Structure formats: C-alpha cells, structure tokens
Amino acid sequence: MSERGDVVIIGGGIVGAACAYYLGGADVPALVLERDYPASGTSRACDGLILYSDKLSEAELALARASATLWADLAASLDADLEYNRRGTVVLYETEEGLAAGRRKAAELQLAGVRAEVLDPAGLRALEPNLAPDLAGGVYYPDEAQVDARAATLAMLDAARAMGAVLRGNSEVTGIRLDASGRVCAVTTRDGDVPCRTVVCAAGVWSNEIVRTAGVELPVKPRKGHILVTARAPGLIAHPLLEGSYAASVKSSAEGVQVALVAEMTASDTLLLGSSREFLGYDRTVSPAVVQAIAARAVRFLPGLAQRSIIRSYAGLRPWSPDHLPLVGPVDSVPGLYLAAGHEGAGIGLAPVTGQILAGWIVRDEAPPLAEAVRPGRFPSLMGER
Amino acid sequence: MTWNRSPGACPTAPSSAAPGDESFTIDVDGAAVPACNGQTVAAALLASGRQVFRRTATGAPRGVFCGMGVCFDCLVTVNGQGDQRACITPARPGMRVRLGIAERGHDGVD
Amino acid sequence: MASTDVAVVGAGPAGLSAALTAANLGLKVTLIDELPAPGGQYLVGNPAIHSRDTKQPPFSAAERQGLALLGSLAQTSVETRFETLVWHLGSDYEPFPRCWTLGLYHFPPELGGQGGIAGKVEYLTAGAVILASGAREQVVPFPGWTLPGVMTIGAAQLLARRHGVAAGRRVLLAGSGPLLLPAAVHLAGLGAEVVALLEATHPLDWLPHGPAVWGNWDRVAEGRRYLAALRKARIPYRFGQTVVRALGAEGLEAAVVARLDSRGRPLRDTEEQISVDALCVGFGFVPNSELAQLAGASFRFDPANGGWASELDEGLQTSAPGLFVAGEAGGIAGASAAMLEGRLAGLGAACHLGRLNEAERTREQTTSAGRRKRAKRFGVMLNTLFAPPPGLSAITTQDTVICRCEEVTAGEVRAAILAGGFPLTRGAMTLDALKTRTRVGQGPCQGRTCGPILARMLAQETGRPPTDAGMFHVRPPIKPVPLAALAGGEQP
C-alpha cells in the first residue's frame, strides 16, 4: 500500500465531494473528474434528509448516526450555508395498524439510542397544525436533520479545492486502465488518459460501466425517484414529514412504482414533495402519472396544499444495492481501485461517513468496525472475469 | 398611475368570452374596483391606480412586467386561489382579489 | 381520454391559421390557449376602441388578415379549449402511428367560492401536434427594472389595445425594434404623454440590410404609417440611446437615460433623468419553446432567428415526427410569416396523418412557401438589425437583479460563474450548472425571463460561444398547476 500515488475521484456528486473533502483533510489532494458539472447527477435531484428512521439494519443505523454527527460538524465548520437544520422529522400513520407498527419501530430505534416520541392525533396537531385531521397518529424523531444537497456538495468540493483538490467538469471518465500487475495505472477520458495509481469510483448509478472496464461487476441498479417543487408555502409545515409506508418502499424490491409521501420545506419556503421508487433503467424523464400520484399523497396529508401549485419537478436515479448498504472501500482484486457507491436514497445522509471511511482506507489502509458492513468484498460476484 | 381612457365606458372586445354586462366591479381587498367585460384583472387594477400587486420574499414591490403570463410577477389571489397571474385572468363580476402587499413574505393564499 | 387528430397549442395568428387549414381538410382539430379568447399577443387590436380613435393608424394588412381568421373560427368545426394550459407534451411509441399526449389544465371558470376548487388535469391524445406558442420579449436588465411601472413593450401594447388602459400618464419607451413604434402611437392615442421613444440602434446601421425589404412592401408601408403618426403626435424618436436606470420606491418615478457609443456602451456623462411613471422596455423576442424541448425535439441556436429554436424541415416538422412548430415559436419573423407558417404546418399535419399526399400538399401550398420565405427573410433582417448591441450589457450592474423570481443579482451570478471550477480550456458552464450554484431559474417562471440574459452573461464572462450555455432543462408541468388539479385529475 505504499504506492498510493495520485488519487483520482470519479464523480463530482455528494459522495465524490465528501471523499475529496476528507482526503483533503488528510493532506491527500485528489483530482475530481466530473462528467458534467458538480452535483449534476443524482445529487441535484434529491431531497436533503438525514434520517435514522428508515434504516433497516443495525449496521445501517450505526453508519447513519456517525454520519449525522459529521453533518452537524460540517454545517458548523464549512464556509458556506448548507441550509442545515435539525428540527427532527415526523412520520405519519393513517391507520391504527400502521401506528402500531410505527410504535414498534420507534421502540427498536429507542433501544439503539435514537430519540423518538409517539404522538396521538392531538400531539400530531400540536406539532403540525396543517395536517389532515383524520390521521391515527405519528412518531416524532427529533434528531433527524436536513441539508440542501446541492449546496452541501458544492461546499465540500470548494473546501476540498481550498485544501489542494482539483475539480474538472465536462470530464467524463470512460474506463480504468490496469498495468501488467493488475494495479490501477490510469483512467481513460475523452481527452486522453489521466495517469493515477488510486481511483475512487463515486459515480453513483453510472459506476457500473466504468468499473466493468477493470473487470468488476457492481450489483448496483438505478432506482428512479421523482420530486415535485411547490410554489412558496411559508409556515405550512414545521418539520419534514414522511408517511409510514416510506420505510417499506425503501426496503421493497418490487417492480412497479411505489409512491410514499415525503415533504421537506426548503430555506426559500418551497416544499419538496416525493417520493417514488421504480426500476426503470436509466430513464430520467418525469412521468406525469407519478407526478399525479405524489400530488395525491401530498394533498391527502396536507389539505392546505390543494390550492398550491407545483412549479416544477425532476427525476433522479438512486444507486440501489441488494442489501441496502453502499459499497465503500477497496476492491481486493484490483489494487488501487476503491468504491464509494450504491447509497440508494441515503446518499446525502451517508456521504460524510463514506468520505471518512474512504479516506481512512486510502491513507491508513484501515477502517473502523462500522465500515465492515460496507466492504465491497461482501459481494463475491464483484470479481468478474478479467 | 394609470387610467382608462374613457372611464366608465367599456370597450367591447371583439372576441370576449362572455357577452353580457359591459361594466361591473370586482372586490379588491375590500374595495369595489370597476372592470370591463373582457378586461384582465391586471388591466382593471392598473386602471384603478393600483400598480403594486405583491411583494417578493425580500419585500420588493412587484406588478405587471411581461403582461402575457410568462414572468409570474403579477401574482394575486383570486377567490381564494393563490398565485394567479393577474395579466391573463379575466375579470368577472363578483370576483374577490387579494393583493399580496400587506406583509413581507405574504403568500397570497387565504 | 379525449382524442383529436391535430392539437394546436396557441391561438395567435399562427395557431389560428394552422387550425383553420387542418379543419378545412376535414381533420378533427383542437385549438388550445391559456388566454380566455383567441388572438394571442398580436391580434390585440380592438375594433371598438380603434374605431373611436381617429388618431390611430388603420389596421395593417397582417392585422386585417388575422382578424378575418378570428372571425371565421366560429364557423368551423375546430374545438376550442380556452383558459387551458398545456403543461405536458409526451409521446408514446407505437409501431405506427406515433401518438402524442398532451396534459391539459383548464383554469376553473369561476375559481370556485370559498377556498375554491381548482379544475382538474386531463389528457388529450393527438395524431399530430402544432406548437404555435409564440414568443416572449427579452430585456437587458438595469437597476430598478423590477419596479412596478417598468414593463415590456408588449405588455404596454396589450394593455392599451385590448383593454384600453394606458401603462402610465408619462411614458418612456426604450429598447430596439419595430414594436416601439406602434406601442408609442397607441399609448399616445389613449391620451398618455409619451415622453420619448429611445431606439438603441442607429438608422445608419440599417442601410446594408436594404435588400431584405424586397417583397415585404406592406411591412415598409406599415412602418411609414407609424412614423407619420409619431411625428403627428410630436413624440421624439431618438436613436443610439437607452434607459440605464429606473428610480422609485414603491413604483417607478423617474428613468435615467443615456447616449450609447458605437459599441452600445452607455456614455455616463450624457445621463439625463426624466420624470416618468411608466417605462416600457424591450429588445426583441425569444421563442416559447418549452413544449418542443419537453417533447425531445432538436434545437438550433441562431441569433438572427431569435436564439434557440426548434430545427424544422421545409414542412415545419421538428425532429419528432408529427410535431410541428409554426409562427414565432419557431423563430422570430412577424405575423405574416406566422400565418403562412400556420398554413404550412396545417398541411404538414394533414400529410402526416395521411389526409394529403405530397403532390396534394404541394398543390394546396400554392404560393405560401415562397411568400413565407420572403417574410422570414424580412424577419431575420429585423432581428439582425435590432439585436441589442453588445456593449449594452454594461447597463447591468452588480446589484441588478437577474433572476426576477428568486432575486439573484448579477454579482451573485458572476461569482457563481467564477467559482464553477471550469477552467476555460475544458468546457462550458451551462444554465443548469448555474442553477446548482444559485437559485436562478428555480422560481415559477422556470428561467423564461432570466435564461437568455444568463446565456449572454455566461458568454461574456467565459468568452465561450452562446451555444455552450444551452437551455434550462424542461420538465412537466411547464407552468404551475395546482396540486388538487393533479391529485384529482384524470390519469394519463
């Protein structure tokens, strides 16, 4: 591990930015090659929630908590407004059955040290007066936070650049070259080869094609989501809201589109409304049917939104992985190749811990215990034909 | 400030949607404002001397700019529905219009 | 889901002409417009006002032709959907024929009572779509341009001619292009005091373009009539001058004007303050192309055409089969060209749907294609002649708002361009990239107003060609639609 050499990070989204930032902090200035402009991929099409309540395993939860702490530090220390706040979120349940499941989930999370408060209809109304009056109840998670994904990506990249990292936009990486010994020796771009000994692939759903050139098969699949943006609606909601079935939609691998309400207010008083999940290849066109389905969920929970307008929408591709954990760390079969991809809908939340783990691998060739769960090597199929 | 060329005498638009009363009033923040059949809310507001329709998030006054429904500056609340473009909304008898000029950041929805 | 043979979006001169052409060939046509009545931005002449006002020049040939189209609409089988927004345009691939789906939203007629119930979205399928969505005016921003009382020339024209309302008592018009003339004359006709008409370009620059005038004598005659009316109303028509600042607190109170040097840069020591309560500004037009973008049609940038416009073949079809563009939406060339293009697009749609074969189409076209070429040439000449001189952007100061919706200033935009991380040798910054660093384009107008301005700023700051900036990415709804309309609406 002595010949780290030059480090190239493929991808200028939030994960690439976090890797560049933490490497920069460890005196390793990386070259970030972004195929379009920073935060032009999934990072410009997502909400900015930093959640615990949708995590499906202890390992995921541990990562989420570590990352959430890092986010709080970043918000304080980065020289930019990330629009970070930690008001907590409220999960909404329509039925008693749903609420009971929510209660159980809250109890589990509480055992793991996460603060949660179950709310009856009166409690719900006290926190969120504009909710529909016929809900069974909710759960308040006071420690959940939000950040503006684009602002955060750009802030980390800018901070990394101040520490010596270099960002090149319009620089699409088409593949990874290996030398005779099978170690990374360059990345190929449209402008020619960029020699390097260490490559971090943080290209989200576009990672598959790139690492295939080095003989690696990623189990990452694009999972399309939609977000609607409302006209300004100051004071409509006080916390980000999620409906109870959101966690299930994250977990499900079903075909067909799954819609579950997520509502997040931004610093400019617009609301971001999601969510949808479907496996539709790399298609990023906005589907009117899905727009309508999300609008219907939004109006169901927030009747006051009925007269508000949607002013725009967008769709993005979450990099889904089969066990809902990202792949962060070295690819043992290809010395010099590291992965930082596969975060599904938790890319924003888990970006800082990803960057930190990744930097630890590259700089010290070691990782904390919680990084074990995200080792790329856990997928034996990673090592394809060479 | 603006005025109708012949106040009280309404031109009849060649292709107005609803023939009938030539002139009527609309309620603007409680005041009765004259309007003509075929006129837009923006035209009626300007004719009555009201130039400021709303304020932006920083409190800046806004009114008519493009006049054709693409700039979204002339937003007013009509019959409880917010964010309506006054320049393309036809004035109709009994319409209630609320301007967003009272408070900073007012969003114009009842 | 409702269906039609030809959906025509926009009921201005081009749309009317297209709809009538297609209907006369026996096709089922649906004509859709956001406005409550047909006519678009051009057919705003109100005979009732007009006949009472002897100071106004008579309707031009194009206006008379357009009004005749308007008049005949009711006698046709064209289904009209007014006060209806087309918020989506998509297509389904079928082996043959390709079918278009339009998302519609009808503004509820009475907007309900207490707490109003919005209309619901619906869908319309069509075998062919003709986009006649017109164009919008562009402005070079200056300090104070967001003040109430400052509006586009087209806005003042509309208010004056269709509604009989003058934009102000003391009005200044500034900008470039032929629209300044009729606007000034009509405002004066309403009794407003038109303080001056400031044309940023200079007549001496117009001379080389003389040849394009050939065959367009009606336009020349129209211009001369308005010039005569200007002289009669004693409205000063000044060249090589423009407005550099608008002053006022709650509304416009005064405008500062200045002479321009040969590159169009304002000469600060010629500044003069004029007391006005209305300022009408405009520097040409850009096509409304959002639906064509959404449909995935290919685009071409040509300043002589108004900037970005859909690439069209001889029959005005875009790169997407069955999708046509007619009128200003396909390039700025005026109302005569628009009506001719409406006819050509209508014939094209009929061909696409198998109602006409090529030979029949050529026969039906008669002289339209040739006349359209001549009219287009005239329009291109005007666009070139009256393009805002490059030095004019100096009137935009660091504090000038660029994105009106989100109040992003020129200083913030320039800082974002510099911070972008794009060494000039590597490639361009696009409008979408600017959108990640600032809030430009994120408001309700979705970048319609600031887009062309930002593209010019990018070209200036980076030295790269204007095509590099691209266009803002368009997604549905292309204009705002209430959630209740979406939630309770028809499923596609």
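Since this is a predicted model, take the numbers as computed values, not measurements.

**A look at the interface of chain A and chain C**
Okay, so step 1: With 39 residues of chain A in contact, the opposing surface of chain C contributes 44 residues.
Okay, so step 2: Buried area between chain A and chain C, summed over both chains or domains, comes out near 3200 Å², and the portion from carbon and sulfur atoms is 54%.
Okay, so step 3: On the chain A side of the interface with chain C, the three residues burying the most area are A:Q292, A:I311 and A:R312, jointly 20% of the side's total.
Okay, so step 4: Our count for the chain A to chain C interface comes out at two salt bridges.
Okay, so step 5: With a closest N to O distance of 3.3 Å, C:E406 and A:R232 form a salt bridge.
Okay, so step 6: For the side of chain A that touches chain C, the element with the most residues is helix α8 (residues 288-301) of chain A, which contributes eight residues.
Okay, so step 7: Across the side of chain A that touches chain C, the residue classes tally to 19 nonpolar, ten polar and ten charged.
Okay, so step 8: Where strand β17 (residues 309-320) of chain A and strand β22 (residues 481-482) of chain C come together, two bridges link them in antiparallel fashion. Pairing of A:I310 across the sheet is with C:V481, part of β22(C).

**Some words on the nonpolar core**
Okay, so step 1: By size, the foremost hydrophobic cluster in this structure holds 95 residues, and its most contacted members are A:L271, A:L273, B:I26, B:F53, B:V76, C:L173 and C:L187.
Okay, so step 2: Once residues lying within four places of it in the same chain are set aside, the contact partners of A:L271 are A:L228, A:V229, A:T230, A:A233, A:L236, A:I237, A:E264, A:M265, A:L302 and A:L305.
Okay, so step 3: Ranked by size, the runner-up nonpolar core spans 64 residues in total, among them A:I14, A:Y21, A:A136 and A:Y338.

**Concerning the sheet that holds β17(A)**
Okay, so step 1: Strand order in the open sheet formed by nine strands is β5(A)-β6(A)-β4(A)-β14(A)-β15(A)-β16(A)-β13(A)-β17(A)-β22(C), and the pairing between neighbours is mixed. What marks the edges here is a single partner per strand, and that holds for β5 (117-119) of chain A together with β22 of chain C.
Okay, so step 2: Looking at chain direction, strand β4 (residues 89-93) of chain A and strand β6 (residues 137-141) of chain A are connected through five bridges and run antiparallel. When the sheet's bridge partners are listed, A:V91 is paired in β6(A) with A:V139.
Okay, so step 3: Strands β4, β5 and β6 of chain A of the sheet are contacted by helix α3 (residues 96-111) of chain A, whose axis makes an angle of about 20 degrees with β6(A).

**Some thoughts on the domain arrangement of chain A**
All names here are of chain A.
Okay, so step 1: You can read the domains of chain A as domain 1 (7-63 + 149-219 + 323-382) and domain 2 (89-143 + 221-320).
Okay, so step 2: Averaged C-alpha coordinates put domain 1 and domain 2 at centres separated by 28 Å.
Okay, so step 3: Contact with domain 1, which involves 28 residues of that partner, is made by 32 residues of domain 2.
Okay, so step 4: Summed over both partners, the interface of domain 1 with domain 2 comes to about 2500 Å²; 61% of that surface belongs to carbon and sulfur atoms.
Okay, so step 5: When residues of domain 1 are sorted by the area they lose upon contact with domain 2, S53, V205 and E344 head the list and together hold 25% of the total.
Okay, so step 6: Applying the counting rule to domain 1 against domain 2 returns two salt bridges.
Okay, so step 7: Across the contact surface, domain 1 and domain 2 share ten residue pairs in polar contact (both at pLDDT 80 or more).

**A few points about the pattern of salt bridges**
When their charged atoms lie close together, side chains carrying opposite charge are able to pair.
Okay, so step 1: On inspection of all chains with the given rule, the structure shows 42 salt bridges over all chains.
Okay, so step 2: Between B:R54 and B:D73 there is a salt bridge whose closest N-O contact spans 3.1 Å. Of the two residues, B:R54 is situated in strand β3 (residues 54-55) and B:D73 in the loop between β4 (61-62) and β5 (75-78); the sequence distance between them amounts to 19 residues. The same class applies to B:R54 and to B:D73, which are both buried.
Okay, so step 3: In this structure, C:D468 and C:R464 form a salt bridge, with 2.4 Å as the shortest nitrogen-oxygen distance.
Okay, so step 4: Overall, C:D468 belongs to the partly exposed group, its relative accessible area being 22%.
Okay, so step 5: Taking relative accessible area as the criterion, C:R464 reaches 26% and is therefore assigned partly exposed.

**A closer look at unusual backbone geometry**
Okay, so step 1: Residue A:S275 is bonded to the preceding A:G274 through a cis peptide linkage, with omega at 5 degrees.
Okay, so step 2: Summarising the element assignment, A:S275 is placed in strand β16 (residues 271-277).
Okay, so step 3: For the bond from C:P476 to C:P477, the omega torsion is 0 degrees, close enough to zero to count as cis.
Okay, so step 4: When you line up the elements, C:P477 lands in the loop between α13 (450-462) and β22.
Okay, so step 5: The backbone of A:D269 shows a phi angle near 70 degrees, a positive value even though the residue is not glycine.

**Observations regarding the sheet that holds strand β6 (residues 81-85) of chain B**
Residue and element names in this part refer to chain B.
Okay, so step 1: Spatial ordering of the open sheet is given by β2-β1-β7-β5-β6, a layout of five strands whose pairing is mixed. Both outer strands of the open sheet, β2 (31-36) and β6, are each paired with one neighbouring strand and no more. Within this sheet the neighbouring strands show an average axis-to-axis angle of 40 degrees, counted without direction.
Okay, so step 2: Across six bridges, strand β1 (residues 23-28) lies against β2 in antiparallel orientation. Paired with V28 across the strands is A31, a residue of β2.

Parameters and conventions
- Residues numbered from 1 in each chain as written.
- Chains lettered and ligands numbered in written order.
- Predicted model: local features only at pLDDT ≥ 70, side-chain atom pairs only at ≥ 80, totals over all residues.
- Heavy atoms only, no water.
- Contact = heavy atoms within 4.5 Å.
- Buried area = accessible area lost by both parts, 1.4 Å probe.
- Salt bridge = Lys/Arg side-chain N within 4 Å of Asp/Glu carboxyl O.
- Helix = DSSP H or I, 4+ residues; strand = E, 2+ residues; numbered from the N terminus.
- Nonpolar A, V, L, I, M, F, W, Y, C, P; charged D, E, K, R; others polar.
- Pairing = 2+ DSSP bridges.
- Core = buried A, V, L, I, M, F, W, Y, C linked by side-chain atoms within 4.5 Å.
- Buried < 20%, exposed > 50% of the residue type's maximum accessible area, 1.4 Å probe, protein only.
- Axes fitted to C-alpha atoms, helices over the stretch in contact; angles between N-to-C directions.
- Domains from an automatic or database assignment.
- Polar contact = N/O pair within 3.5 Å; in protein donor to acceptor, adjacent residues only side chain to side chain.

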